[in-house]
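As a plain string of letters, each chain reads:
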Amino acid sequence: MKIAKYPFAVLSAALFTVMLITPISSISNLIWLNSVNMPIGIFKSLEVLLFDFQRLGILLYGVVIIGFAVAFSVTGLLTKYINFHAKYLYAFAGACAIGIAMYLMVVLLFESELLGGNRTIIGKILHWLAGFFGGYFYYFLISKNYDYTFIIRYLGVLYAYIILGFSLNWIFTPDTAAADFGFILKDLADNAQNALLKDFTSFFVATLIFALLGVVTLNPTWFFSAGIIYICAAIFNLTAVLIHGTEYNLIYVGEIFLGLWPIFLGITILIKR
Amino acid sequence: MKFYLSSFLFLFSIHSSAEYKFETVLDNLDDAWSFVFLSEDKILFTEMPGKLRIASLTNKSIINVTNIPEVAYSSQGGLSEVVLDPDFNTNNKIYISYSAKKDNKKITLYLASAELKDNKLVNRKIIFEANAYRRSPAHMGAKIAFLNDGTLLLTSGDGYDHREKAQSLDNHFGKIIRINRDGSIPQDNPFISYKNALSDIYSYGHRNMQGLVITSSGEIYEHEHGPKGGDELNIIKPSLNYGWPAITYGIDYSGAVISPFTEKEGMEQPLFTWIPSIAPSDMIFYEKDLYPELKNNFLITALVSKDVKQININDLTIQKSLFTDLNFRLRNIQDSPKGYIYLLTDGPNNKLIKILPK
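I will try to describe carefully the structure that is included in this document. From a predicted model like this one, the values you see are computed outputs, not experimental measurements. Residue numbers run consecutively from 1 along every chain, following the written order of its sequence. As a convention, the first chain written is A and the first ligand written is 1, with the rest following in written order. Under the rules for a predicted model, residues below a pLDDT of 70 receive no local features and side-chain atom pairs below 80 are neither given nor counted, while totals for whole chains, interfaces and linings still include all residues. Side-chain calculation: all heavy atoms of the structure are included, whereas hydrogens and water are not.

### Focus on the pairing of strand β24 (residues 341–345) of chain B
Residues and elements named next belong to chain B.
Line of reasoning, step 1. Most of β24 sits out of view: 5 of its 5 residues are buried.
Line of reasoning, step 2. At least two bridges found by DSSP between two strands are what make those strands a pair. The helix and strand labels rest on DSSP assignments: H or I over at least four residues marks a helix, E over at least two residues marks a strand, and numbering proceeds from the N terminus. Sheet analysis places strand β23 (residues 330–335) next to β24, joined by 5 bridges and oriented antiparallel. The partner of Gln-334 across the bridge, within β24, is Tyr-342.
Line of reasoning, step 3. The turn linking β23 back onto β24 is made up of 5 residues, and Gly-339 within it adopts a positive phi angle of 110 degrees.
Line of reasoning, step 4. Both β24 and strand β25 (residues 348–356) contribute to a ladder of 4 bridges, which runs antiparallel. In the sheet register, Leu-344 faces β25, and the bridge partner there is Leu-352.
Line of reasoning, step 5. Connecting β24 to the next strand, β25, in antiparallel fashion are 2 residues, including Gly-347 with a positive phi near 95 degrees. Three exposure classes are used, based on accessible area relative to the maximum for each residue type with a 1.4 Å probe and protein chains only: buried under 20%, partly exposed in between, and exposed over 50%.

Laid out in structure tokens, this is it:
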């Protein structure tokens, strides 16, 4: 656990930083949309913030993980030779990692700024600050000793992060979400639309809540609940193909994956206890 | 021997598909971007690094045109469109659009006119410089077309980093420009009397427009690259706002939301939207008789879907994919004076392909 805490601290600090970075682009965009009299309300703002956190966040997560892994490894070596508060060194390293990552994204992408929130000086400073706090958080994580629950919680949050994407699609863009499953929403009768939306949305939102409850309480029952639902979905996907003659599809692979992940977390908790 | 060899090569370069045959008439071009027919046998074409060249399609000879302006060739910038003046037969005048640095600093879009004499551009002058300065030549637009009243339209893209400016009228990002052929501004332009608007703007709220067609009846059709999803075909009317980036059917390449809105009063809806993106790169409205099945259809080349989309003007909801056997990213499409369709593939070492009718 002592060695494992470092990579998981990087992964956790990166996720924390992504939570700080993505709203910079979202909010700057919302401010602009509001300035041109687009009807931005709470619901639309929430839609933009959550979608950005889920979709833009995944891209940024990869970038920040790489940046932090390099920066914190170097800083770890430097702390052995530099007599300075380590927490500030890590915070500074986090800011540098984000600054360099943002710069490289521009250089490597035809000199174009992919992140809307990074186009202004204020936006850039906010990104560096997010990196600074990310580094500080990393130091906070490595300065304490953890047991297995640290990894369980991290993997639980990551699982919930993935499920969040499906949930958002069904809540905010049901047409697109339904199309992914072969439904043309507007062609269905009103009752059928209603049934489809409430069932699918409940399915994903419930498993998201189960996963988050598992992360908070570390009660394996919540993880098992989420896992059982997806395993059942996989089983009945295949029975629909084999018994009822529906077209073969590969969705069951994802369902098995999303089912086994929380079940593995639940079993780990049981064994460790 | 030479005859047999050339016949063999000719046969070898003809590909067939279920409906059409393809003949490669030019290859190893250096990132050629657009072309125009000087005659049935001769084309004038641009290469993005900054070359304007004349090619014979029968003997494959290529001549460089001299006195070309210096261009900023990188990313999506360089020497872009070339068109002939409607009175080219009498005045030898051509127009070229290109990206270049202003005072060796930022890059913008330029439009120049010149006379083509003895393979040289003479009396070359810049007739338009876009108030759309950027650090890299992304989303330039650069398409040119002539209205039936003799004025000229030019598309000026949003520059990617400057997308929000497409909604304000004090710059040329994301605008269609209308000017006279000498660069002066027509007095009936829609924003001529607006205090805070550039008077050469014809329509606004565009992204990266790379297809611009004016039909014989005078209607203006344009298509533009959307972000991830949301490429659009629009009918253009003066003064109208086409919504980008306040309304869009796509999301950013990063996955970020550009706008949660797809419509708003006062902003135009596209005639057609491509989701996922096909990356439309050029368009003609085919009005000749050589391919009867394509008559009165838009033919739109695409980079990502590697085909030509055929859309009937009378039913824009129906589209057909053509020439998919080629499997090339397609950059440009033109029809010759006799009506033959030619396609230009995209990128370095690209080629010009003639489509032979059924």
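### What to know about the pairing of β25(B)
Line of reasoning, step 1. Note: strand β2 (residues 21–30) of chain B against β25(B), 7 bridges, orientation antiparallel. Along β25(B), the bridge assignment pairs B:Leu29 with B:Asn350.

### A closer look at the interface of chain A and chain B
Line of reasoning, step 1. The interface is formed by 23 residues belonging to chain A together with 25 residues belonging to chain B.
Line of reasoning, step 2. By buried area we mean how much accessible surface two parts lose on assembly, using a 1.4 Å probe and totalling the loss over both. Between chain A and chain B, roughly 2,100 Å² of surface is buried when both sides are summed, and carbon and sulfur atoms account for 60% of that area.
Line of reasoning, step 3. Here, a salt bridge means any Lys or Arg side-chain nitrogen found within 4 Å of an Asp or Glu carboxyl oxygen. Along the contact surface separating chain A from chain B lie 2 salt bridges.
Line of reasoning, step 4. Close ionic contact of A:Arg119 with B:Glu164 constitutes a salt bridge, the shortest N to O distance being 3.9 Å.
Line of reasoning, step 5. Counting of polar contacts relies on pairs of N or O atoms within 3.5 Å, with two restrictions inside protein: one atom must be capable of donating a hydrogen and the other of accepting it, and residues adjacent in sequence are counted only when both atoms are side-chain atoms. The interface formed by chain A and chain B contains 6 residue pairs in polar contact (both at pLDDT 80 or more).
Line of reasoning, step 6. At the level of secondary structure, the elements contributing two or more residues to the side of chain A that touches chain B comprise α1 (5–35) and α2 (42–78) of chain A.
Line of reasoning, step 7. Here the element with the most residues in the side of chain A that touches chain B is α2(A); it accounts for 8 residues.
Line of reasoning, step 8. Here the side of chain A that touches chain B is built from residues that sort into 13 nonpolar, 3 polar and 7 charged. It only takes one pair of heavy atoms within 4.5 Å for two residues to be counted as in contact. Residues are grouped as follows: Ala, Val, Leu, Ile, Met, Phe, Trp, Tyr, Cys and Pro are nonpolar; Asp, Glu, Lys and Arg are charged; every other residue, Gly included, is polar.

### Some thoughts on the layout of surface pockets
Line of reasoning, step 1. Buriedness of a pocket was judged along seven lines, with at least five required to meet protein on both sides within 12 Å; pockets are open sets of points on a 1 Å grid over the protein atoms alone, cavities are sets where a 1.4 Å probe fits but cannot get out, and lining residues have an atom within 4 Å of a point. Grid points are joined across faces, edges and corners, and a volume is the space filled by probe spheres set on the points. Taken as a whole, the largest pocket encloses approximately 1,300 Å³ of empty space.
Line of reasoning, step 2. Looking at the lining of the largest pocket, the elements that each hand over two or more residues are α2, α5 (149–172) and α6 (174–180) of chain A.
Line of reasoning, step 3. Classifying every residue of the lining of the largest pocket by side-chain character gives 21 nonpolar, 11 polar and 7 charged.
Line of reasoning, step 4. The computed volume of the second largest pocket comes to approximately 910 Å³.
Line of reasoning, step 5. Around the second largest pocket, the lining is made up of 30 residues, and of these B:Val36, B:Ile214, B:Ile284, B:Gln334 and B:Asp335 lie nearest the centre.
Line of reasoning, step 6. Secondary-structure elements contributing two or more residues to the lining of the second largest pocket are β3 (32–37), β7 (79–84), β11 (141–146), β15 (208–214), β19 (280–286) and β23 of chain B.

### Things to note about the pattern of salt bridges
Line of reasoning, step 1. Within the structure shown, the criterion is met by 21 salt bridges over all chains.
Line of reasoning, step 2. For B:Asp85, the salt bridge goes to B:Arg181, with nearest N and O atoms at 2.7 Å. On the criterion of sequence distance, the pair formed by B:Asp85 in the loop between β7 and α2 (88–91) and B:Arg181 in the loop between β13 (175–179) and β14 (201–204) is long-range, its members being 96 residues apart.
Line of reasoning, step 3. A relative accessible area of 22% means that B:Arg181 is categorised as partly exposed.
Line of reasoning, step 4. One network of salt bridges, with partners in common, ties together A:Glu113, A:Lys124, B:Arg135 and B:Asp161.

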